[in-house]
Amino acid sequence: LVVLQLETGAMTTNTGGPSPPPAPCYTTSRHSTVRIAHRMIWTGAVHSEIDRNVQNHAFLADVLDLEWLPEPVQLEGPLALRAFEVRAGLSAPRDHPNEHLGEAESIVLALDRGAEAFLTADRDAARRAKFDRVKVIWPTDVVVELVHMDDIRQPEAEALIQQMKAADRIPYDFDLRSALA
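Each value, and the rule that gives it
Residues numbered from 1 in each chain as written. Predicted model: local features only at pLDDT ≥ 70, side-chain atom pairs only at ≥ 80, totals over all residues. Heavy atoms only, no water. Helix = DSSP H or I, 4+ residues; strand = E, 2+ residues; numbered from the N terminus. Expected span 1.5 Å × (residues − 1). Buried < 20%, exposed > 50% of the residue type's maximum accessible area, 1.4 Å probe, protein only. Arc of directions from axis to C-beta. Contact = heavy atoms within 4.5 Å. Core = buried A, V, L, I, M, F, W, Y, C linked by side-chain atoms within 4.5 Å. pLDDT = per-residue confidence, 0-100. Salt bridge = Lys/Arg side-chain N within 4 Å of Asp/Glu carboxyl O.

## A word on the environment of threonine 120
For threonine 120, the location among the structural elements is in the loop between β5 (117-119) and α6 (123-131). Along the primary structure threonine 120 and proline 139 are separated by 19 residues, whereas in three dimensions their C-alpha atoms are 6.8 Å apart.

Okay, structure coming up:
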């Protein structure tokens, strides 16, 4: 089980429209999508964040329409309270009240469900998840897996990595050729 934390500017899935979205994305075949997606869950706060940002990033509407993405999990009671506590540690005093709530809910859900990993491109959320002993998967890890599954070729993967670097979504020095070796 992998907790999926999609966010504006992070790598998301493009369903194959006529032109690629302006932010980093990847396109997969239906077969690989099923292989990856059967292990994913996401939260209501992540869904809400994507929904709020559709007007600024039209490609996010595609994410909300993905058939393979399960219904978001709504955190309630003690889990919701815990998410707000985690969020407080991720946010600055002047942040929007829901800023980082998607990351916080994802970390709490990963802990609650015993998830295999947490997929994010957010450095602070990754640091918090690691503190809580949750394995972090970066978008670069997904790109490498897609190349290994022969769903994208290395030149396409290199272009995606460059897009992620340009969007400051890779928090470490990443070399695709080394990762594929």
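## Re helix α4 (residues 77-90)
Helical periodicity: at 3.6 residues per turn, an α-helix aligns residues three or four positions apart in one direction. The end-to-end C-alpha separation of α4 is 20 Å, in line with the 20 Å expected for 14 residues at 1.5 Å each. Burial in α4 covers these residues: Ala80, Ala83, Val86, Arg87 and Leu90. The buried residues of α4 occupy one face: seen down the axis, they fall within an arc of 120°. Those residues of α4 that are exposed and angled more than 90 degrees off the buried face are Pro78, Leu81 and Gly89. Elements in contact with the buried residues of α4: α5 (101-113) and α6.

## Considerations on the nonpolar core
Ranked by size, the top nonpolar core spans 28 residues in total, and within it Val143 and Ile152 carry the most contacts. Mapped by element, the contributors of at least two residues to this core are α2 (44-53), α3 (60-64), β5, α7 (139-148), α8 (154-166) and α9 (176-180). With 22 residues, the next largest nonpolar core counts Leu75, Ala83, Leu90 and Ile107 among its residues.

## Digging into the confidence of the model for the protein chain
The predicted model of the protein chain has a mean per-residue pLDDT of 79, with 78% of residues at 70 or higher. The low-confidence segment residues 7-35, where pLDDT is below 50, has 69 contacts with residues more than four positions distant or belonging to other chains.

## A few points about the pattern of salt bridges
Within this structure, the stated rule accounts for six salt bridges. Close ionic contact of arginine 127 with aspartate 124 constitutes a salt bridge, the shortest N to O distance being 2.6 Å. Of the two residues, arginine 127 and aspartate 124 both sit in helix α6, three residues apart, roughly one turn of that helix. Of the residues examined, arginine 127 reaches a relative accessible area of 53% and is grouped as exposed.

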